[in-house]
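One letter stands for each residue in the lines below.
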Amino acid sequence: MTMDDPKTLVSTDWLATHLKDPDLRILDASWFLPQMERDAKATYEAKHIPGARFFDIDEISDNRSDLPHMAPPPEKFISRMRAMGVGDGHQVVIYDQHSVFSAPRVWWTFRLMGKTDVAVLDGGLPKWEAEGRPLEDMPPMVRDRHMTVQRQSGLVKDVTQVAHASKLGDHEIIDARPNDRFLGNGTEPRPGLRSGHIPGSRNLPFGELLTPEGTFKSPDEIKALFEAAGVDLSKPAITTCGSGVSAAILALALEIIGKSDWSLYDGSWSEWGMYNDLKVATGEA
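Sequence order sets the numbering: in each chain, residues are counted from 1 along the sequence as written. Note on the predicted model: pLDDT of at least 70 is required for a residue's local features to be given, and 80 or more for side-chain atom pairs to be given and counted; whole-chain, interface and lining totals, by contrast, use all residues. Water and hydrogen atoms were dropped before computing side-chain values, which therefore reflect all heavy atoms in the structure.

Asks: Tell me about the packing of helix H8 (residues 219-228) against helix H9 (residues 247-256), and name the residues and values.
Replies: Lines fitted to C-alpha atoms define the axes, with helix axes restricted to the stretch in contact, and inter-axis angles between N-to-C directions lie between 0 and 180 degrees. Here a strand is any run of E in DSSP of at least two residues, a helix any run of H or I of at least four, and the numbering for each starts at the N terminus. Across the interface, H8 lies against H9 with an axial gap of 9 Å and an inter-helix angle of 120 degrees. In terms of orientation, H8 lies oblique with respect to H9. Once H8 is placed against H9, the crossing between them reads as left-handed. Where H8 approaches H9, its residues Pro219, Ile222 and Phe226 are matched on the opposing element by Leu250, Ala253, Leu254 and Ile256. Under the grouping applied here, Gly and all other residues not named as nonpolar or charged are polar, the nonpolar ones being Ala, Val, Leu, Ile, Met, Phe, Trp, Tyr, Cys and Pro and the charged ones Asp, Glu, Lys and Arg. Taken together, the residues of the contact of H8 with H9 break down into 7 nonpolar, no polar and no charged. Any angle between 65 and 115 degrees counts as roughly perpendicular, while under 35 counts as roughly parallel, over 145 as roughly antiparallel, and the rest as oblique. By convention the crossing between two helices is left-handed if the near helix lies anticlockwise of the far one by an angle smaller than a right angle, and right-handed if it lies clockwise. For this analysis, residues touch if any pair of their heavy atoms sits within 4.5 Å.

Asks: Can you tell me about the sheet that holds strand S3 (residues 53-54), naming the residues and giving the values?
Replies: DSSP bridges decide pairing: two strands pair if at least two such bridges lie between them. With respect to topology, 5 strands assemble into an open sheet ordered S1-S5-S4-S2-S3, the strand pairing being parallel. Because the sheet does not close on itself, it has two edges, and the strands there are strand S1 (9-10) and S3. Inspection of the sheet shows S1 paired to strand S5 (residues 118-121) by 2 bridges, in the parallel sense. Considered in S5, the bridge of Val10 is made with Leu121. Contacts between helix H4 (residues 103-112) and the sheet are confined to strand S2 (24-28), strand S4 (91-95) and S5, with S5 contributing the most and set at about 180 degrees to the helix.

Asks: Quick one: what's the story with the pattern of salt bridges, residue by residue and with numbers?
Replies: For this analysis, a salt bridge means a side-chain nitrogen from Lys or Arg found within 4 Å of a carboxyl oxygen belonging to Asp or Glu. Taken as a whole, this structure holds 19 salt bridges when the rule is applied. The closest approach of N and O atoms between Arg133 and Asp13, which form a salt bridge, is 2.5 Å. With Arg133 in the loop between helix H5 (124-130) and strand S6 (156-157) and Asp13 in helix H1 (residues 12-18), the pair connects residues that are 120 residues apart, well separated along the chain. Across the pair Arg80 and Glu59 runs a salt bridge, and its minimum N-O distance is 2.9 Å. Taken together, the residues Arg80 in helix H3 (residues 74-83) and Glu59 in the loop between S3 and H3 connect sequence positions 21 residues apart. Any residue under 20% of the maximum accessible area for its type is buried, any over 50% is exposed, and the rest in between are partly exposed; the area is computed with a 1.4 Å probe on protein chains only. Overall, the relative accessible area of 29% leaves Arg80 in the partly exposed class. When salt bridges with common partners are traced through the structure, they connect Asp13, Lys127, Glu131 and Arg133 into a single cluster.

Asks: Go over the pairing of strand S9 (residues 237-240), please, and point to the residues and values.
Replies: Residues Ala237 and Thr239 of S9 are buried on one face, and the alternating residues Ile238 and Thr240, pointing to the opposite face, are buried as well. Two elements, strand S7 (residues 172-175) and S9, share 4 bridges in a ladder whose sense is parallel. Bridge assignment links Asp175 to a residue of S9, and that residue is Thr240. Pairing geometry for S9 and strand S10 (residues 262-265), over 3 bridges, is parallel. Counted as the bridge partner of Thr239 is Leu264 from S10. We call a crossover right-handed when, viewed with the strands running away from us, the connection from the first strand over the helix to the second turns clockwise. On the question of chirality, the crossover connecting S9 to the parallel S10 by way of H9 is right-handed.

Asks: Would you mind going over the side chain of Arg111 in detail, with residue names and values included?
Replies: Tracing the backbone shows Arg111 in helix H4. Within the structure, the side chain of Arg111 is placed 3.4 Å from the side chain of Glu255, a separation counted as a polar contact. Beyond its immediate sequence surroundings of up to four residues, Arg111 is in contact with Lys7, Thr116, Val118, Gln152, Leu155 and Glu255. Polar contacts here mean pairs of N or O atoms no more than 3.5 Å apart (in protein, one a potential hydrogen donor and the other a potential acceptor; neighbouring residues in sequence count only if both atoms are side-chain atoms).

Asks: Give me the environment of Leu193: which residues, what numbers.
Replies: Structurally, Leu193 is set in the loop between helix H7 (179-183) and strand S8 (202-203). Taking the C-alpha atoms as reference points, Leu193 and Met274, 81 residues apart in sequence, are found 5.1 Å from one another. Dropping the residues within four chain positions of it, Leu193 is found in contact with Glu188, Trp269, Ser270, Gly273 and Met274.

Asks: An account of H9 is requested, with residue identities and associated values reported.
Replies: Each full turn of the α-helix corresponds to 3.6 residues, which orients residues three or four apart in the same direction. Of all 10 residues that make up H9, 9 are buried, and the element is covered over most of its length. Backbone geometry just downstream of H9 places Gly258 in the positive-phi region, at approximately 85 degrees.

The structure is reproduced here in structure tokens:
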């Protein structure tokens with residue numbers, strides 16, 4: 001059962017109760033890995049939670065970077081949100097067409113921009129739909145809304161900062177990728193990347209945080225999973241993954257258990273795995 005917190009995670013019951021609130025904004029943040037060959041916007045247009053707008057993770061990003069969907073500059077984020085009618089004073093709820101996969105990435109993007117009234121829908125569209133709740137295929141009526149942001153630079157790490165943390169061991173680096181990719185046995189979905197993990201990092205595949213129904217496990221279970229993965233929760237944490245999407249699931253999970261000294265490595269393995277001068281470890285952590 002979800003402990004409803006409009007700053008982290010809300011249940012389908014909570015969203016159904018608040019669906020007609022004038023200051024609620026719902027975002028469909030669906031995103032699919034390239035090999036899935038699925039069009040997230042087309043699936044949104046076919047059916048979405050009433051009033052939802054589509055947040056395009058690949059487009060609302062820093063297109064000056066060669067890396068995939070890096071966090072957008074504040075001015076681009078502001079202009080895209082204003083055009084979607086999302087602004088100051090809104091409570092934002094984000095979901096995706098998986099149970100929980102890409103929505104936390106957008107939750108993190110809002111947090112990076114200093115917006116805290118933002119939550120992920122636990123269980124996502126599959127749970128909402130399974131419960132027979134309303135869906136529509138109409139685009140929402142959008143009114144421009146002013147937005148101010150204050151970028152929270154402490155919530156993101158670049159490759160230099162992560163390399164220092166790896167060397168010094170003063171942070172816990174936690175990798176959300178599947179275990180075979182962490183060990184260096186699995187192939188990376190993006191071509192040209194080495195296999196393995198950042199030296200000194202721990203592995204907690206994001207799927208382990210979720211129940212079979214696709215909702216987050218309880219805070220106590222989540223805490224136990226981090227500890228079982230060898231994570232020292234007294235140290236500040238850096239979350240990482242393939243391209244910065246599922247790393248945000250770990251970040252949200254840390255926030256759910258009351259740990260706020262975390263940051264996300266935006267470049268993740270798409271960056272680290274590309275540069276031969278960065279060390280790579282293989283095998284168990």
